[in-house]
Amino acid sequence: MDWDIKAWEEAIRAARKRIAPFVERTPVLHSFHLSQRLGYPVWWKCDQFQASGAFKIRGAANALMSRPEEERVRGAITYSTGNHGLAVAYVCRTLGVPAVICVSELVPPAKIDALRKSGARIVVDGQSQDQAAQIARRLADEEGSILIPPFDDPAVIAGQGTLGGEILEQVPDVRTVLVPLSGGGLASGVALAIKARHPQIRVLGISMDRGAVMYESLGTGTPLEMDEVPSLADSLQGGIGLDNRWTFGLIQKLLDDVVVVSEAAIQQGMRLLGEEGLIVEGAAAVGAAWLLAEDRPPLSGTVVGILTGHNLSLADFVRATASEE
Ligand SMILES: *Cc1c(COP(=O)(O)O)cnc(C)c1O
């Protein structure tokens, strides 16, 4: 199914049916501030309003529901400490099957507590995210449960792609879609859904400029490993896998551009969204951040920015938007 975009489109259509019981068709809201300021319509696709607080429930639900029932009852396993882990836990809890999240010994206790509250069993072992991933793979083999990787997986990509189909229906005159980019499951899926039908619609990936692994890897033409640095967009941190099989190639082939934004710009983006009544995490604000940047190339026509998640406390939102970056 590698480059057969029609096959991907079919997979995304099938995903949409499969995940319907778990996923909201989230609203699009008009950004009055930005539309007025920029002179063209800007819409937010508000996928932070999914039950687990982020879009990732789409990919997790598709990965699980595309397996036969007798496999599903044994549950799922993953190694993401962020929104993907919460999404897997949510879908498993809804189905009444066990979820396991493998985390390294470096993950802070507060984060482990939050994951525990999601109802998943937490396995703390290993000295890095990579080791936690290996442990998850081994456990999945031993226990016969379904391993659901956070982004580099066809079922996950197709699930995230359902967002692209909704955007085409909700904003039919869209010319540019802005997608927060980390491992690239979301941007791959959205680009596949959109380009299959409208190759002229521009799809841009946006990352933070601190440790943007996909962006740097595209620059050198091969997946890289980089150190993690703190960022307001913490959900965009993490590698793309040196053995990346799907998302690196899809992003390389399908995205019109990949750009990065500064911490100060992300803070401005969060502020603007907050003033519009939308509390989101830093990762979701990179589109707003880029639209506000003085030095970006001009756009024309209707823009849709995807708001990907709101998993941060109100106190953290206040801190992030009030401090001087
Ligand atoms: C995971 C995530 C992203 C990036 O998705 P990828 O598929 O890894 O590129 C963006 N925003 C939020 C809030 C996320 O949780």
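Residue indices follow the written sequence of each chain, beginning from 1 at its first position. Given that the model is predicted, a residue must reach a pLDDT of at least 70 before its local features are reported, and side-chain atom pairs must reach 80 or more before they are shown or counted; all residues, however, enter totals for whole chains, interfaces and linings. To obtain the side-chain values, all non-hydrogen atoms of the structure were included, while hydrogens and water were left out.

A run of DSSP states H or I qualifies as a helix once it reaches four residues; a run of E qualifies as a strand once it reaches two. Both are numbered from the N-terminal end. Looking only at helices and strands, the protein chain has 14 helices and 10 strands in total. What you see for the protein chain is a C-alpha radius of gyration of 18 Å, in line with the 20 Å of a compact globule of 325 residues. Looking at the protein chain residue by residue over its 325 residues, the buried ones come to 56%. Throughout, a contact is declared for two residues whenever any of their heavy atoms are within 4.5 Å. For the protein chain, the proportion of contacts with a sequence separation of at least 24, taken over those separated by at least 6, is 73%. We take the radius of gyration over the C-alpha atoms and set the globule estimate at 2.2 Å times the residue count to the 0.38 power. Accessibility here uses a 1.4 Å probe with only protein chains present; expressed as a share of the type maximum, an area under 20% marks a residue as buried, one over 50% as exposed, and anything in between as partly exposed.

Both site types are read off a 1 Å grid over the protein atoms alone. A 1.4 Å probe that fits but cannot get out defines a cavity, while an open set with protein on both sides within 12 Å along at least five of seven lines defines a pocket; lining residues have an atom within 4 Å of a point. Grid points are joined across faces, edges and corners, and a volume is the space filled by probe spheres set on the points. If you add up the space inside the second largest pocket, you get close to 160 Å³. Elements with a minimum of two residues in the lining of the second largest pocket: α1 (5-19), α8 (154-170) and α9 (185-197). For the lining of the second largest pocket, the element with the highest residue contribution is α1, accounting for four residues. Residues are sorted three ways: Asp, Glu, Lys and Arg are charged, Ala, Val, Leu, Ile, Met, Phe, Trp, Tyr, Cys and Pro are nonpolar, and all the rest, Gly among them, are polar. Considering only residue class, the lining of the second largest pocket consists of two nonpolar, two polar and five charged.

Moving on: the environment of R319. By the secondary structure assignment, R319 is in helix α14 (residues 314-322). Separated by 212 residues in the primary sequence, R319 and V107 place their C-alpha atoms 22 Å from one another.

This part is about the packing of aromatic side chains. For this analysis, a ring pair means two rings from Phe, Tyr or Trp (six-membered ring only for Trp) whose centres lie within 6.5 Å, classed as stacked if their planes differ by under 30 degrees, edge-to-face if by over 60, and tilted for the remaining angles. Evaluated as defined, the whole model comprises one aromatic pair. For a ring to carry a charge above it, either NZ of a lysine or CZ of an arginine must fall within 6 Å of the ring centroid while also lying within 35 degrees of the normal to the ring plane. In this structure, R296 packs its charged tip against the face of W290, placed 5.2 Å from the ring centre.

Residue ranges for the domains trace back to a domain assignment, done automatically or taken from a database. Assigned domains of the protein chain: these are domain 1 (5-55 + 153-322) and domain 2 (57-147). Computed over C-alpha atoms only, the centres of domain 1 and domain 2 are separated by 23 Å. Across the boundary between the two partners, domain 1 contributes 26 residues, which contact 16 residues of domain 2. The three residues of domain 1 that bury the most area against domain 2 are R18, F22 and S52, which together make up 39% of that side's buried surface. What counts as a salt bridge is simple: a side-chain nitrogen of Lys or Arg found within 4 Å of a carboxyl oxygen of Asp or Glu. The interface formed by domain 1 and domain 2 holds two salt bridges in total. Put simply, R58 and E166 hold a salt bridge, and the shortest N to O gap is 2.9 Å. When two components associate, each loses some accessible surface as probed by a 1.4 Å sphere; the sum of these losses over both components is called the buried area.

Turning our attention to the site of the ligand. Residues are classed as near a molecule or strand on a simple rule: at least one heavy atom within 4 Å of it. Around the ligand sit 16 residues in total, of which K56, N83, S182, G184 and T308 are the nearest. Two N or O atoms count as a polar contact when they lie within 3.5 Å, although within protein this holds only if one can serve as hydrogen donor and the other as acceptor, and sequence-adjacent residues are included solely when both atoms are side-chain atoms. A distance of 2.8 Å separates an oxygen atom of the ligand from a polar atom in the side chain of N83. Separating an oxygen atom of the ligand from a backbone N or O atom of G183 is a distance of 3.0 Å. A 1.4 Å probe and the Shrake-Rupley method give the accessible areas. Residues count as covered only by the protein chains that appear here. Within the complex, the protein chains bury 97% of what would otherwise be the 380 Å² of accessible surface of the ligand. A per-class count over the shell around the ligand returns six nonpolar, eight polar and two charged.

This part takes up the sheet that holds strand β6 (residues 146-147). A pair of strands counts as paired when DSSP detects no fewer than two bridges linking them. Taken together, four strands build an open sheet; the order of strands is β5-β4-β3-β6 and the sheet is parallel. Pairing within the sheet leaves two strands with one partner each, and these edge strands are β5 (121-124) and β6. The pairing of strand β4 (residues 99-103) with β5 spans four bridges and is parallel. By the bridge assignment, C102 is partnered in β5 with V123.

What follows covers the side chain of T176. Residue position: T176 is located in strand β7 (residues 174-180). Given a relative accessible area of 2%, T176 falls into the buried group. When neighbours within four sequence positions are excluded, T176 is seen to be in contact with I201, R202, L204, L299, T302, V303 and V304.

Take V91: it is sitting in helix α5 (residues 83-95). Each C-alpha atom of the pair V91 and A61 lies 6.1 Å from the other, and the pair is 30 residues apart in sequence.

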